[in-house]
Amino acid sequence: MNILIAFAVSYYMATFARSAPLPGVGTLVADPQSQEIVESSRLLIQKILLSIPDTHKSCIHSEGLKLNSSENAKLVIMAATIGIPSAPVLRPVSENFSVETSLSRMSEGLQLHRALLQQASDSPHLDKNDKLTELMADIRDLVIKTNKLLKTVQRETVVLPTPTPVTLNLPGEYEVQVAAHLILVQLQSFGQDVDRSLRSLIQNKEEETEI
């Protein structure tokens, strides 16, 4: 009998945990426009991820700088010398990582990488082309969408995230090439985190809708 009671309690707690809405998700579910923005944001981050390899190929001409290479780990010191900051930590939405935190870090990280790409593109040592311009425009559009969602879930005065201004140390052509390379490598990784976070948000919305 005790075993049956213990099993019933465990089953009830597991069911309750699955059905308990995550803070902030309910606000998005109740707003059809927000649902549409979440879904279009995921399509946009996927477009960004798909465009990074072609953008890298069009801008980076130094031998040895490959987008998906184990050699990139050896450029950590170079990244520090240039002054490239790390991306904000971003995890899928959960009880320990709220919707508001997730959206705030998405916005901050996207703005950071766009600003870094802009600095690199301002250098005469980097080829300015349509692929890079379009990539930065897509990042800008995703920031706008993310901030709209953030305004929806914030309960108090809306304070949109802004990254700390960074000035890169780019004295020559090689440093510019390495900087642009490392920014795109980091953007690719961060973009994958953004995609996972948006996917978790969509999944949580679907679960909440079924309750």
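Residues numbered from 1 in each chain as written. Predicted model: local features only at pLDDT ≥ 70, side-chain atom pairs only at ≥ 80, totals over all residues. Heavy atoms only, no water.

Caption draft 1: How the structure looks around the overall build of the protein. Within the protein, the secondary structure is distributed over seven helices and zero strands. Each helix (α) and strand (β) of the protein, taken in turn from the N terminus, gives the series α-α-α-α-α-α-α. Residues classed as buried in the protein amount to 43% of the 211 residues present. Restricting to contacts in the protein with at least 6 residues of sequence separation, those with at least 24 account for 82%. With the model as given, the accessible surface of the protein reaches about 11800 Å², and the carbon-plus-sulfur share is 55%. (Helix = DSSP H or I, 4+ residues; strand = E, 2+ residues; numbered from the N terminus. Buried < 20%, exposed > 50% of the residue type's maximum accessible area, 1.4 Å probe, protein only. Contact = heavy atoms within 4.5 Å. Areas by Shrake-Rupley, 256 points an atom, 1.4 Å probe, with all protein chains shown as cover.)

Caption draft 2: Highlighting the nonpolar core. The biggest cluster of nonpolar side chains holds 51 residues, and the ones touching the most others in it are Ile48, Ile52, Ile84, Leu117, Leu126, Leu135 and Ile139. Sequence-distant contacts of Leu117, that is, excluding residues within four places in its chain, are made with Leu132, Leu135, Met136, Ile139, Ile183, Leu184 and Leu187. (Core = buried A, V, L, I, M, F, W, Y, C linked by side-chain atoms within 4.5 Å.)

Caption draft 3: Fine view of the confidence of the model for the protein. Of the residues in the protein, 80% have a pLDDT of 70 or more, and the chain-wide mean is 84. Within the protein, no element has a lower average pLDDT than helix α1 (residues 2–19), which sits at 43, and none a higher one than helix α4 (residues 76–82), at 96. (pLDDT = per-residue confidence, 0-100.)

Caption draft 4: Local environment of the environment of Glu175. Considering the arrangement of structural elements, one finds Glu175 in helix α7 (residues 173–210). Along the chain, Glu175 and Ile82 lie 93 residues apart, while their C-alpha atoms are 7.2 Å from each other. With near-sequence residues (within four places) excluded, Glu175 lies in contact with Met78, Ile82, Asn169 and Leu170. Here Gly172 takes part through its backbone nitrogen, which lies 3.3 Å from a polar atom of the side chain of Glu175. (Polar contact = N/O pair within 3.5 Å; in protein donor to acceptor, adjacent residues only side chain to side chain.)

Caption draft 5: Up close: the side chain of Gln177. Turning to its location among the elements, Gln177 is positioned in helix α7. Looking at Gln177, its side chain comes within polar contact range of the main-chain oxygen of Cys59, at 3.1 Å. Reaching out from Gln177, the side chain makes a polar contact with the backbone nitrogen of His61 at a distance of 2.7 Å. Those residues in contact with Gln177 that lie beyond four places of it in its chain are Cys59, Ile60, His61, Ser62, Leu65, His125 and Leu126.

Caption draft 6: Representation of helix α6 (residues 130–153) in the model. Helix length check: α6, at 24 residues, gives a terminal C-alpha distance of 35 Å against a target of 34 Å (1.5 Å per residue), a fit within 8%. Among all positions in α6, only Leu132, Leu135, Met136, Asp138, Ile139, Leu142, Val143, Thr146, Asn147, Leu149, Leu150 and Val153 are buried. The opening residue of α6, the one whose side-chain oxygen lies 3.0 Å from the backbone nitrogen of Lys131, is Asn129. (Expected span 1.5 Å × (residues − 1).)

Caption draft 7: Broad picture of the packing of helix α3 (residues 32–59) against α6. One can describe the packing of α3 onto α6 by two numbers: an axis separation of 9 Å at closest approach and a directional angle of 155°. For the element pair α3 / α6, the angle class is roughly antiparallel. In this structure, the crossing between α3 and α6 has a hand that is left-handed. Here the contact of α3 with α6 is composed, by residue class, of twelve nonpolar, seven polar and eight charged. (Axes fitted to C-alpha atoms, helices over the stretch in contact; angles between N-to-C directions. Parallel < 35°, antiparallel > 145°, perpendicular 65-115°, else oblique. Left-handed = near helix turned anticlockwise from the far one by under 90°. Nonpolar A, V, L, I, M, F, W, Y, C, P; charged D, E, K, R; others polar.)

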